[in-house]
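Observations on the three-dimensional arrangement
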2 protein chains.
Amino acid sequence: MSERFFLTAPPAAGHAERVGDEARHLARVLRARVGDAIVVFDGRGTAWPAHVAALGRDRVTLDLGPPLAPAAPPLPLTLAVALPKGDRQKWMVEKLTELGCGRLVPLATSRGVAEATPAAVERLTRGTIEACKQCGRTTLLEIAPPATLAAALADRDPGMLAVVADPGGEPFGPLLTQHAGAVLALVGPEGGFTADELAAATGAGCRRVSLAPHILRVETAAIALAAAVASHMSRAD
Amino acid sequence: MSERFFLTAPPAAGHAERVGDEARHLARVLRARVGDAIVVFDGRGTAWPAHVAALGRDRVTLDLGPPLAPAAPPLPLTLAVALPKGDRQKWMVEKLTELGCGRLVPLATSRGVAEATPAAVERLTRGTIEACKQCGRTTLLEIAPPATLAAALADRDPGMLAVVADPGGEPFGPLLTQHAGAVLALVGPEGGFTADELAAATGAGCRRVSLAPHILRVETAAIALAAAVASHMSRAD
């Protein structure tokens, strides 16, 4: 075994525990044995090599080694997105996690179709945990509380480049060559932002950016924004 | 109705026909009526407004108007990709179509997991047709015959920027600011290209490019490459 596991509780004194379903999964599905080596991460940037120290019915105890060298930090990118539905939401979170996006804000818009209910937010969180395990990321994609367009815009740090995905905008790539700092990017729902919403965004200083020659689905626009930023800022470890 | 339909046979003298399953779909599922307005496209760059002229059991006749103004041509981007499996393949084709990628070459590699069988190629083609209908693209993503790495590299046009996705490479974005022409991008299988394959690619002039701070799944790397190119070259109509 050299699988990666997310720690729901922080480790203490070089030990960590997995209880309940997580313990059963490790013991029964993955058939872990005492002494097996795994990697655990806390979702906040730290990962440890670990060994299975004890296997109980509903509790697995792990001995942790010294923390591993830090993986790349998330990109300074906040995506505020009118969530798409079902599988497209799940896919979007997987891809945004792989691409290094730092923060996802579910955006409440006039034409939005999917509400960021607590159950939806929990699903998104599970999605980023799974993607982190797979791609080696140690910091979860932060799923922020749902926000209106006004709140998302008001919440941004000074110096952040703010952009709104809009088919009629300027190409996004060249803009990134002139800006190395943090980015806030807004993605509207299927059907787009209303004219009022778009005016509010540009009025608050957002640049309208075009991402592709065709109208993109919500999750495609979000992934394209993250990919464009990542391609300018990153180098994998 | 204002739906978009792909014409499997070229129109003649201002008329087109849909036969068999396509006719039944239009007549029974979508309940088309004589006089209904739709849009049809040939997958080679032309779209027409059309009216349902006659509805038979297995045949629908359409009257076509003059061609619509051309949509954006595909990006001069060829992606040679060691195909991922199942749903990830389907998603990849949908996203590459939306993002404007011109050509997809299924790449045969040492560690590849999915073979580009005729059935798989047909599935990919159906996938790009569906995505074209949805995003307004009138030229299909070209699904090229499967090729080895050597063949994909030998087949490229002079002047093409050739890159290979590699976590240790240089960031891809800045490279695109210096290159406005055609791009050939190679994506290896889960587990990556072998050292020999990577050496063959760089030996043939490929630049190694990094796309994100983490190891990407195959379909994510392909989509990220297309998004990076699209963000530099395009503006939607």
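Residues numbered from 1 in each chain as written. Chains lettered and ligands numbered in written order. Predicted model: local features only at pLDDT ≥ 70, side-chain atom pairs only at ≥ 80, totals over all residues. Heavy atoms only, no water.

1. Description of unusual backbone geometry
- In this model, A:Arg31 sits at a positive phi of 50°, which is unusual for a non-glycine residue.
- Within the element layout of this structure, A:Arg31 appears in the loop between helix 1 (21-29) and strand 3 (37-41). (Helix = DSSP H or I, 4+ residues; strand = E, 2+ residues; numbered from the N terminus.)

2. Thoughts on the environment of A:Lys95
- Structurally, A:Lys95 can be placed in helix 2 (residues 86-99).
- A sequence separation of 103 residues divides A:Lys95 from A:Leu198, and the C-alpha atoms of the two residues are 26 Å apart.
- With near-sequence residues (within four places) excluded, A:Lys95 lies in contact with A:Ile223, B:Arg88, B:Arg217, B:Glu219 and B:Thr220.
- At a separation of 2.8 Å, a polar atom in the side chain of A:Lys95 contacts the side chain of B:Glu219. (Contact = heavy atoms within 4.5 Å. Polar contact = N/O pair within 3.5 Å; in protein donor to acceptor, adjacent residues only side chain to side chain.)

3. Some details on the interface of chain B and chain A
- Between chain B and chain A, the residue contacts involve 44 residues of the former and 45 residues of the latter.
- Considering only the side of chain B, the residues that lose the most area to chain A are B:Trp91, B:Pro213 and B:His214, jointly responsible for 18% of the buried surface there.
- Inspection of the region where chain B meets chain A yields six salt bridges.
- One salt bridge connects B:Arg88 with A:Glu94, and the closest N-O pair in it is separated by 2.7 Å.
- Inspection of the region where chain B meets chain A yields 17 residue pairs in polar contact (both at pLDDT 80 or more).
- Only helix 2 (86-99), helix 3 (118-135), strand 10 (161-171), helix 5 (172-177) and helix 7 (218-233) of chain B provide two or more residues apiece to the side of chain B that touches chain A.
- In terms of residue count, helix 7 of chain B provides more of the side of chain B that touches chain A than any other element does, nine residues in total.
- For the side of chain B that touches chain A, a count of residues per class yields 20 nonpolar, 13 polar and 11 charged. (Buried area = accessible area lost by both parts, 1.4 Å probe. Salt bridge = Lys/Arg side-chain N within 4 Å of Asp/Glu carboxyl O. Nonpolar A, V, L, I, M, F, W, Y, C, P; charged D, E, K, R; others polar.)

4. What about the sheet that holds strand 4 (residues 47-55) of chain B?
Residues and elements named next belong to chain B.
- Taken in spatial order, the five strands of this open sheet run 1-3-4-5-2, and their pairing is mixed. On the outer flanks of this sheet lie strand 1 (4-6) and strand 2 (15-19), each paired with one strand and no other. Pairs of neighbouring strands in the sheet enclose a mean axial angle of 40°, with direction left out of account.
- As judged from the five bridges shared by strand 2 and strand 5 (residues 59-64), these two strands associate in the antiparallel manner. Each bridged residue has a counterpart across the sheet, and for Glu-17 the counterpart in strand 5 is Thr-61.
- Sheet strands in contact with helix 1 (residues 21-29) are strand 1, strand 2, strand 4 and strand 5, and its direction is about 95° off that of strand 2. (Pairing = 2+ DSSP bridges. Axes fitted to C-alpha atoms, helices over the stretch in contact; angles between N-to-C directions.)

5. Brief notes about the side chain of B:Thr194
Residue and element names in this part refer to chain B.
- Tracing the sequence through the fold places Thr-194 in the loop between strand 11 (183-187) and helix 6 (195-203).
- We classify Thr-194 as buried; its relative accessible area is 17%.
- For Thr-194, the contacting residues outside a window of four places in its chain are Ser-110 and Arg-111. (Buried < 20%, exposed > 50% of the residue type's maximum accessible area, 1.4 Å probe, protein only.)

6. Let's talk about the sheet that holds strand 5 (residues 59-64) of chain A
Residue and element names in this part refer to chain A.
- A sheet is described by the order of its strands in space; here five strands give the open sequence 1-3-4-5-2, paired in mixed fashion. Edge strands, defined here as strands with exactly one partner in the open sheet, are strand 1 (4-6) and strand 2 (15-19). Direction aside, the axes of adjacent strands within the sheet are offset by 40° on average.
- With three bridges joining them, strand 1 and strand 3 adopt parallel strand pairing. What sits directly across from Phe-6, in strand 3, is Phe-41.
- Helix 1 contacts strand 1, strand 2, strand 4 (47-55) and strand 5 of the sheet and is inclined by roughly 95° relative to strand 2.

7. A look at the relation of the copies chain B and chain A
- Superposition record for chain B on chain A: RMSD 0.0 Å, screw rotation 180°, translation along axis 0.0 Å. Here the symmetry operator amounts to a two-fold rotation axis. Every residue of chain B has its C-alpha some distance from the rotation axis, and the shortest such distance is that of B:Ala228, at 2.4 Å.
- With an isologous cut-off of 70% or more, the 100% of interface residues of chain B that recur at the interface of chain A puts this contact in the isologous class. (Least-squares fit on C-alpha atoms with pLDDT ≥ 70 in both.)

8. Considerations on the pairing of strand 4 of chain B
All names here are of chain B.
- Note: strand 3 (residues 37-41) against strand 4, five bridges, orientation antiparallel. Residue pairing for strand 4: Ile-38 is matched across the bridge by Ala-50.
- Here strand 3 hands over to strand 4 after five residues, with Gly-43 in that stretch at a positive phi of 75°.
- Between strand 4 and strand 5, which pair antiparallel one after the other, the connecting turn spans three residues.

9. A few points about the nonpolar core
- Counting residues in each nonpolar core, the largest one holds 79 residues, and the members touching the most others are A:Leu79, A:Phe172, B:Leu79 and B:Phe172.
- Leaving out residues up to four positions away in the same chain, A:Leu79 has contacts with A:Leu96, A:Cys101, A:Arg103, A:Leu104, A:Val105, A:Ala185, A:Ala222, A:Leu225 and A:Ala226. (Core = buried A, V, L, I, M, F, W, Y, C linked by side-chain atoms within 4.5 Å.)

10. Comments concerning the domain arrangement of chain A
All names here are of chain A.
- As assigned here, chain A comprises domain 1 (4-64) and domain 2 (77-233).
- Contacts between the two partners involve nine residues from domain 1, matched on the other side by eight residues from domain 2.
- Around 690 Å² of area is buried between domain 1 and domain 2 when both sides are counted, 63% of it from carbon and sulfur atoms.
- Among the residues of domain 1 in contact with domain 2, Arg-4, Phe-6 and Phe-41 are the three that bury the most area, contributing 64% of the side total.
- Inspection of the region where domain 1 meets domain 2 yields eight residue pairs in polar contact (both at pLDDT 80 or more).
- For the side of domain 1 that touches domain 2, the class distribution of residues is three nonpolar, three polar and three charged. (Domains from an automatic or database assignment.)

11. Structural notes on the state of the cysteines
Residues and elements named next belong to chain A.
- Enumeration over the complete set of coordinates arrives at zero disulfides over all chains.
- Between Cys-132, a cysteine without a disulfide, and Cys-135, which holds the nearest cysteine sulfur, the sulfur-to-sulfur distance is 5.7 Å.
- Taking the relative accessible area as the measure of exposure, Cys-132 reaches 0% and is therefore buried. (Disulfide = S-S within 2.5 Å.)

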